[in-house]
Amino acid sequence: MNKKTFLKIIIGSFFATSMVYASGAFTPQVKSYHTMSTQELQEQVEELSLKGTLPFEMGVELMHRWSENKV
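For clarity, every value in this text was computed on a predicted model and none was experimentally measured. (Residues numbered from 1 in each chain as written. Predicted model: local features only at pLDDT ≥ 70, side-chain atom pairs only at ≥ 80, totals over all residues. Heavy atoms only, no water.)

Peer 1: A description of the overall build of the protein chain should follow, citing residues and the corresponding values.
Peer 2: The helix and strand tally for the protein chain stands at three helices and zero strands. Seen in sequence order, the protein chain has helices and strands lined up from the N terminus as α-α-α. Taking as baseline every contact in the protein chain between residues at least 6 positions apart, the subset at least 24 positions apart corresponds to 44%. Carbon and sulfur atoms make up 63% of the accessible area of the protein chain, which totals about 5900 Å². (Helix = DSSP H or I, 4+ residues; strand = E, 2+ residues; numbered from the N terminus. Contact = heavy atoms within 4.5 Å. Areas by Shrake-Rupley, 256 points an atom, 1.4 Å probe, with all protein chains shown as cover.)

Shown next, in the form of structure tokens:
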């Protein structure tokens, strides 16, 4: 296998993988975190964090709620 063919395979693999992630195929199906209570959100964040699938925005929302409750 020459270098060009190998490079095409690698680039194609990255492209296919990025398309799968961009399509949301690995996004966990959860209730909208905006409508959750803080306790529900905290439990969901913990569960998704342990699985390694925690959306960044969801974690930020929980931190925002924690900072509001302490004021």
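The structure having been displayed, the exposition proceeds.
Peer 1: Tell me about the packing of helix α2 (residues 38-51) against helix α3 (residues 56-69), residues and numbers included.
Peer 2: The description of two helices packed together rests on the angle between their axes and the distance between the axes. Between α2 and α3, the least distance of the axes is 10 Å, while the angle of their chain directions is 140 degrees. Judged on the interaxial angle alone, α3 and α2 are oblique. For α2 against α3, the interelement crossing comes out left-handed. Together, T38, L41, Q42, Q44, V45 and L48 of α2 and M58, E61, L62, R65, W66 and N69 of α3 make up the contact between the two elements. In terms of residue class, the contact of α2 with α3 is built from six nonpolar, four polar and two charged. (Axes fitted to C-alpha atoms, helices over the stretch in contact; angles between N-to-C directions. Parallel < 35°, antiparallel > 145°, perpendicular 65-115°, else oblique. Left-handed = near helix turned anticlockwise from the far one by under 90°. Nonpolar A, V, L, I, M, F, W, Y, C, P; charged D, E, K, R; others polar.)

Peer 1: Talk me through the nonpolar core; I want residue IDs and the actual numbers.
Peer 2: Counting residues in each nonpolar core, the largest one holds seven residues, listed as Y33, M36, L41, V45, L48, M58 and L62. Considering each element in turn, this core owes the most residues, three residues, to α2. Here Y33 is in contact with L41, E57, M58, E61 and R65, once residues within four sequence places are set aside. (Core = buried A, V, L, I, M, F, W, Y, C linked by side-chain atoms within 4.5 Å. Buried < 20%, exposed > 50% of the residue type's maximum accessible area, 1.4 Å probe, protein only.)

Peer 1: An account of a nonpolar patch on the surface is requested, with residue identities and associated values reported.
Peer 2: Together, M1, F6, I9, I10 and F14 give the surface a local cluster of nonpolar side chains, amounting to about 580 Å² of exposed area. For F6, the location among the structural elements is in helix α1 (residues 3-22). Using a relative accessible area of 48% as the deciding quantity, one classes F6 as partly exposed. (Patch = residues over 30% accessible without salt bridge, like charges linked within 9 Å, V, L, I, M, F, W, Y side chains within 5 Å. Salt bridge = Lys/Arg side-chain N within 4 Å of Asp/Glu carboxyl O.)

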